[in-house]
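Residue-level structure breakdown
Here are the chains, one letter per residue:
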Amino acid sequence: MIGYFAYSLSGHDKGKIYLIMSEDQDYVYLADGDVRTIDRLKKKNKKHIQVIKKTGRRTDLISVTDEEIKYQIKQYCKDIQEVKKCQSPM
């Protein structure tokens, strides 16, 4: 799951998109590049996230920066909005 985007399914951050930076048996550690930076990862139970694999994107975490994470999340959200516009009836 490392390197994929994920939606938060519960908590005060419900619906927010994060990048999965690392994981252990029960938890994942997430970053959004803004509030949750690489230095301050959010610890979240695996049951409380939904991994987004449909994009086919997987981020290389070796040299990723907070700015790149913010940009990638912004681009993903922009792509989703364009898809929703195309699928909505006129």
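Scope of this entry: the structure provided in the associated data block. Treat the numbers as computed from the prediction; the structure is a model and nothing was measured. (Residues numbered from 1 in each chain as written. Predicted model: local features only at pLDDT ≥ 70, side-chain atom pairs only at ≥ 80, totals over all residues. Heavy atoms only, no water.)

**Some words on the overall build of the chain**
Along its length, the chain carries 1 helix and 5 strands. When the helices and strands of the chain are read in sequence order from the N terminus, they spell out β-β-β-β-β-α. The burial tally for the chain puts 32% of its 90 residues in the buried class. In the chain, the share of contacts with a sequence separation of at least 24, taken over all contacts with a separation of at least 6, comes to 48%. (Helix = DSSP H or I, 4+ residues; strand = E, 2+ residues; numbered from the N terminus. Buried < 20%, exposed > 50% of the residue type's maximum accessible area, 1.4 Å probe, protein only. Contact = heavy atoms within 4.5 Å.)

**Some details on the packing of aromatic side chains**
Going through the model one piece at a time under the given rule, you end up with 1 aromatic pair. Between the aromatic rings of Phe-5 and Tyr-76, the centroid separation amounts to 5.6 Å while the plane-to-plane angle is 35°, which identifies the pairing as tilted. Pair noted here: Phe-5 is in strand E1 (residues 5-8) and Tyr-76 is in helix H1 (residues 66-87), with a separation of 71 residues, a long-range link. Both residues of the pair, Phe-5 and Tyr-76, count as buried. Between the NZ or CZ atom of Lys-53 and the centre of the ring of Tyr-4, over which it lies, the distance is 5.8 Å. (Phe/Tyr/Trp six-rings, centres within 6.5 Å; stacked < 30°, edge-to-face > 60°. Lys NZ or Arg CZ within 6 Å of the ring centre and 35° of its normal.)

**Things to note about the nonpolar core**
Counting 10 residues, the largest nonpolar core is built from Phe-5, Ile-17, Leu-19, Met-21, Ala-31, Ile-52, Val-64, Ile-69, Ile-73 and Tyr-76. Ignoring any residue separated from it by four or fewer positions in sequence, one finds Leu-19 in contact with Gly-3, Tyr-4, Phe-5, Tyr-29, Leu-30, Ala-31, Thr-59, Leu-61 and Ile-69. In terms of nonpolar packing, the next biggest core, distinct from the first, is built from 8 residues, Ala-6, Val-28, Leu-30 and Ile-49 among them. (Core = buried A, V, L, I, M, F, W, Y, C linked by side-chain atoms within 4.5 Å.)

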